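A structural walkthrough
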Amino acid sequence: MTLKVTRRVATAALVAAGVLAQTPAFADAHQIQLRMSMAGSETDQRAVAMAEVFGPAVAEFADYQPSYNATLFAQGTELEAISRGNLEMSITSAQELAQFFPEFSIFTAGYVHQDAAHQVAVFNDPLMDSFKALAEEELGVHLLSVMYLGRRQVNLRQTREELEVMTPADLAGVNLRMPGTDAWQFLGSALGAAPTPMAFGEVYTALSTGAVDGQDNPLPTVVDARFYEVTNQIVLTSHLVDLNYIAISAEVFNSMTPEQQATVQAAADAAAEAGRQAQLQKEEELVAFLEEQGLEIYEPNVAAFREAVQAAYLGSEFAETWPEGVLDRINALGN
Ligand code: KDO
């Protein structure tokens with residue numbers, strides 16, 4: 001106690017004398033705190049890119065503090081936490097934004113985004129301006145950049161011998177875990193399955209006990225979360241080229257100097273690009289790894305899935321919320 005008081009008094013005296021002002025320890029206290037909460041693990045490629053590229057790039061003025069596995073905030077509660085000023089950053093999804101703004105569901109629809117490059121083109125196109133403005137003005141969330149999660153595939157406990165999935169009809173009655181928002185549940189039903197909402201952190205146990213028949217995620221996530229240990233097949237439906245947004249509190253971002261804002265923007269873009277390349281490479285490589293683990297990996301009738309999923313969305317209440325002409329503009333940005 002005595003030591004602490006003595007130190008504090010000494011520090012105050014040095015600061016008053018202008019001696020400590022230039023030291024890193026003193027500068028730290030004035031850093032902008034950027035707590036980031038995500039449901040993924042620290043070995044997830046988006047997390048790695050943020051830690052290795054984003055954090056160091058902003059370190060001069062901001063302290064990037066990531067937390068993983070939904071330990072700081074439960075999956076799906078991060079946007080509200082940012083909005084209330086309890087969190088500065090998150091790697092969020094269009095599905096989570098659609099909870100607040102239904103029009104974001106256009107980015108959650110199956111077979112709309114074609115690949116990673118298409119996601120970037122869409123995010124940077126003026127068609128995104130009204131969506132970004134909504135998040136900023138109504139929720140206090142500034143969307144910095146788009147991250148690539150990968151092509152979501154259907155991953156089941158059953159062996160291919162027990163259940164071969166070629167068309168949506170083959171998924172009838174299959175209890176498929178989907179993340180817990182309406183947009184995700186709708187995608188599960190559009191695929192022909194019986195969707196069950198569940199947080200990401202509970203999926204491994206649910207698969208191992210048989211509480212669910214399967215889950216959907218890109219191959220890098222299947223490996224990162226070790227779902228391959230408790231499943232037997234992967235059906236390459238590629239039903240959603242999935243994305244995330246690097247989100248930051250608008251209040252915090254707007255309080256930065258223009259130079260700091262430019263650095264944060266460039267850091268987010270660089271991290272998104274690094275994560276994208278790493279994730280794309282993993283998607284390529286991991287088929288062999290998963291087959292070595294004994295999983296059967298095969299292509300179903302993708303045209304049948306695409307047709308069923310697109311028809312389900314176009315006839316849905318979600319499509320009624322999509323701003324006029326935006327789907328055509330998204331399609332025009334693809335191949
Ligand atoms: C998931 O819960 O299946 C999901 O893939 C949804 C994504 O939007 C993303 O949040 C992701 O989980 C987590 O980051 C864990 O990888």
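Use the structure listed above.
Let me begin by describing the structure that accompanies this report. Source: prediction; values computed, not measured. Residue numbers here run from 1 along each chain, matching the order of that chain's written sequence. Totals for whole chains, interfaces and linings use all residues, but because this is a predicted model, local features are given only for residues with pLDDT of at least 70 and pairs of side-chain atoms are given and counted only at 80 or more. No hydrogens and no water enter the side-chain calculation; it runs on all heavy atoms of the structure.

1. Details of the site of the ligand
The near set for a molecule or strand comprises every residue that places at least one heavy atom within 4 Å of it. In the region of the ligand, 14 residues are neighbours, and Arg-46, Gln-75, Arg-152, Arg-177 and Asn-217 sit closest. Polar contact criterion, stated in full: a pair of N or O atoms within 3.5 Å, where within protein one must be able to donate a hydrogen and the other to accept it, and residues adjacent in sequence count only if both atoms are side-chain atoms. Between the ligand and Gln-75, the relevant distance is 2.9 Å, taken from an oxygen atom to a side-chain nitrogen or oxygen of the residue. Asn-217 places a polar side-chain atom, nitrogen or oxygen, 2.7 Å from an oxygen atom of the ligand. Shrake-Rupley sampling with a 1.4 Å probe provides the accessible areas, and residues are treated as covered by the protein chains on show and by no other component. For the ligand, whose free accessible area comes to 370 Å², the fraction covered by protein is 97%.

2. What to know about the packing of helix 3 (residues 45-58) against helix 12 (residues 258-292)
Fitting a line to C-alpha atoms yields each axis, with helices limited to the stretch in contact; the angle taken between N-to-C directions then spans 0 to 180 degrees. Each helix is a run of H or I in the DSSP string that is no shorter than four residues. Each strand is a run of E no shorter than two, and both are numbered from the N terminus. Closest axis-to-axis distance for the helix 3/helix 12 pair is 8 Å, and the angle between their directions is 150 degrees. It follows that helix 3 is roughly antiparallel to helix 12 by the angle criterion. Helix 3 and helix 12 meet at a crossing whose hand is right-handed. Along its contact with helix 3, which presents Gln-45, Ala-49, Met-50, Val-53, Phe-54, Ala-57 and Val-58, the element helix 12 presents Thr-263, Val-264, Ala-267, Ala-268, Ala-270, Ala-271, Ala-274, Gly-275, Ala-278, Gln-279 and Lys-282. Throughout this entry, Asp, Glu, Lys and Arg are counted as charged residues, while Ala, Val, Leu, Ile, Met, Phe, Trp, Tyr, Cys and Pro are counted as nonpolar. The remaining residues, Gly among them, count as polar. Tallied by class, residues from the contact of helix 3 with helix 12 come to 13 nonpolar, 4 polar and 1 charged. Relative orientations are named as follows: roughly parallel for angles under 35 degrees, roughly antiparallel for angles over 145 degrees, roughly perpendicular for angles from 65 to 115 degrees, and oblique for any other angle. Crossing handedness is defined as follows: a turn of the near helix away from the far one that is anticlockwise and smaller than a right angle gives a left-handed crossing, while the clockwise case is right-handed. In what follows, residue pairs with any heavy atoms lying within 4.5 Å of each other are defined as contacts.

3. Structural notes on the pattern of salt bridges
What makes a salt bridge here is a side-chain nitrogen of Lys or Arg within 4 Å of a carboxyl oxygen of Asp or Glu, nothing more. Counted according to the given criterion, the structure contains 10 salt bridges. In this structure, Asp-242 and Arg-152 form a salt bridge, with 2.7 Å as the shortest nitrogen-oxygen distance. Residue Asp-242 is located in strand 8 (residues 233-249), and its partner Arg-152 is located in strand 4 (residues 141-156); the two are separated by 90 residues in the primary sequence. Of the residues examined, Asp-242 reaches a relative accessible area of 3% and is grouped as buried. Using a relative accessible area of 3% as the deciding quantity, one classes Arg-152 as buried. The residue Glu-164 makes a salt bridge to Arg-160 at a minimum N-O spacing of 2.9 Å. Through salt bridges that share partners, Arg-152, Asp-216 and Asp-242 make up one connected network. Residue burial is assigned from relative accessible area. The probe radius is 1.4 Å, only protein chains are included, and a residue is buried under 20% of its type maximum, exposed over 50%, and partly exposed in between.

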